Amino acid sequence: MQAKAKIRYFEAPPPAPPVPAATKTTVHSEFLRTGRITRNKPIWVPEERRYLSYTEVAERTGKRLEAAGEKSHERINAFHRSIQFPKVIFHRTLDDRPHLGYCHVTAARTLLASRLPVRWSFYIANFFSEIGEEEEKFFERISHMNARMYFAVAIESEPGQPFRINRSIRRNGLLFRTHDPMEAIKNVLMLGASSEALREIIKKL
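These figures come from a predicted structure and were not determined experimentally.

A. Main features of the overall build of the chain. Across its full length, the chain holds four helices and ten strands. Counting the 205 residues in the chain, one finds 30% classified as buried.

B. Focus on the packing of helix α3 (residues 181-192) against helix α4 (residues 196-203). Interaxial distance between α3 and α4 falls to 9 Å at its minimum, and their mutual angle equals 175°. Classified by the angle between their axes, α3 and α4 sit roughly antiparallel to one another. Every residue of α4 that contacts α3 at Lys186, Leu189 and Met190 is listed here: Arg199, Ile202 and Lys203. For the contact of α3 with α4, the class distribution of residues is three nonpolar, no polar and three charged.

C. Molecular detail of the side chain of Thr61. Note that Thr61 resides in helix α2 (residues 54-77). At 2.8 Å, the side chain of Thr61 forms a polar contact with the backbone oxygen of Pro98. In this structure, Thr61 is in contact with Thr93, Pro98, His99, Leu100, Gly101 and Asn126, ignoring residues within four places of it in sequence.

D. Just the nonpolar core, in detail. Membership of the largest hydrophobic core comes to 22 residues, with the highest contact counts inside it found for Trp120 and Phe122. Counting residues per element, this core draws most heavily on α3, at five residues. Every residue in contact with Phe122, bar those within four places of it in the chain, is listed here: Ile76, Cys103, His104, Val105, Thr106, Tyr150, Phe151, Ala152, Phe176, Ala184 and Val188. Among the nonpolar cores identified, the runner-up in size contains 15 residues, and Phe128, Met149, Phe151 and Leu174 belong to it.

E. Looking closely at the packing of aromatic side chains. All chains considered together, the criterion is met by nine aromatic pairs. With centroids separated by 5.9 Å and ring planes inclined at 70°, the aromatic side chains of Tyr102 and Tyr123 adopt a geometry described as edge-to-face. In this pair, Tyr102 is assigned in strand β4 (residues 101-111) and Tyr123 in strand β5 (residues 117-125), connecting sequence segments 21 residues apart. Judged by its relative accessible area of 7%, Tyr123 falls in the buried class. Linked through ring pairs, Tyr102, Tyr123, Phe127, Phe138, Phe139 and Phe151 together constitute an aromatic cluster.

F. Region of the structure containing the pattern of salt bridges. In this structure the tally under the stated criterion is five salt bridges. Across the pair Glu70 and Lys87 runs a salt bridge, and its minimum N-O distance is 3.1 Å. Here Lys87 lies in the loop between α2 and β3 (90-93) and Glu70 lies in helix α2, a separation of 17 residues in the sequence. Judged by relative accessible area, which is 29%, Glu70 ranks as partly exposed. The salt bridge partner of Lys203 is Glu200, with a shortest N-O separation of 3.4 Å. Placement of both Lys203 and Glu200 in helix α4 is noted, with a separation of three residues, approximately one turn of the helix. Assessed through its relative accessible area of 46%, Lys203 is described here as partly exposed.

G. Representation of α2 within the structure. For α2, which comprises 24 residues, the first-to-last C-alpha distance of 34 Å matches the rise-based estimate of 34 Å (1.5 Å per residue) to within 8%. For α2, every residue scored as buried is listed here: Val57, Ala58, Thr61, Gly62, Leu65, Ala68, Gly69, Ser72, His73, Ile76 and Asn77.

H. Here's a closer look at the environment of Glu56. For Glu56, the position within the fold is in helix α2. A residue is classified by how much of its surface remains accessible, and Glu56, at 26% relative accessible area, is partly exposed. Linking Glu56 and Pro98, residues 42 residues apart in sequence, is a C-alpha distance of 8.9 Å. In this structure, Glu56 is in contact with Arg50 and Tyr51, ignoring residues within four places of it in sequence.

What counts and how
Residues numbered from 1 in each chain as written. Predicted model: local features only at pLDDT ≥ 70, side-chain atom pairs only at ≥ 80, totals over all residues. Heavy atoms only, no water. Helix = DSSP H or I, 4+ residues; strand = E, 2+ residues; numbered from the N terminus. Buried < 20%, exposed > 50% of the residue type's maximum accessible area, 1.4 Å probe, protein only. Axes fitted to C-alpha atoms, helices over the stretch in contact; angles between N-to-C directions. Parallel < 35°, antiparallel > 145°, perpendicular 65-115°, else oblique. Contact = heavy atoms within 4.5 Å. Nonpolar A, V, L, I, M, F, W, Y, C, P; charged D, E, K, R; others polar. Polar contact = N/O pair within 3.5 Å; in protein donor to acceptor, adjacent residues only side chain to side chain. Core = buried A, V, L, I, M, F, W, Y, C linked by side-chain atoms within 4.5 Å. Phe/Tyr/Trp six-rings, centres within 6.5 Å; stacked < 30°, edge-to-face > 60°. Salt bridge = Lys/Arg side-chain N within 4 Å of Asp/Glu carboxyl O. Expected span 1.5 Å × (residues − 1).

What follows is the structure, encoded as structure tokens:
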């Protein structure tokens, strides 16, 4: 099988300002000064490319993701004073594609239809994908058709251990997934609503 080509990233310089066309006065002045007639020919210089390391690309991706996470958290908590979520912002980028990544926005606990408390986390990703059912590969069939993906997954953890996906809810632990930011906010608010009256208000948004 052919080895997968490694992606290379480069930073393009800003476009150079246009060179002003020489006027008749400047042409005459140049001739008197040097004795040569200047032909107004553009000088072509090949575009210089500075290639970025994966670390640099990951840092830039992370800043954008966390800015999006901060904004989403502000919008969610601005809805109603009785629905307030903790801000738990951190990001991860994909190892082999550091221009892609996801940002953790908040985590909370809610009662689902089973009336059992479920802990969950809300994320934003700068790509769209299927959510896998295996531990080793959480994101499957990554697509660039939609610029973002908003999703929440049920989580569980043991003391002293990092949290993991709670697969007792669904095989992939997914509570919702969408590319629509307004639909995502509504879903998070529904998870955090403390009464049926609030849920009815949220449904009408």
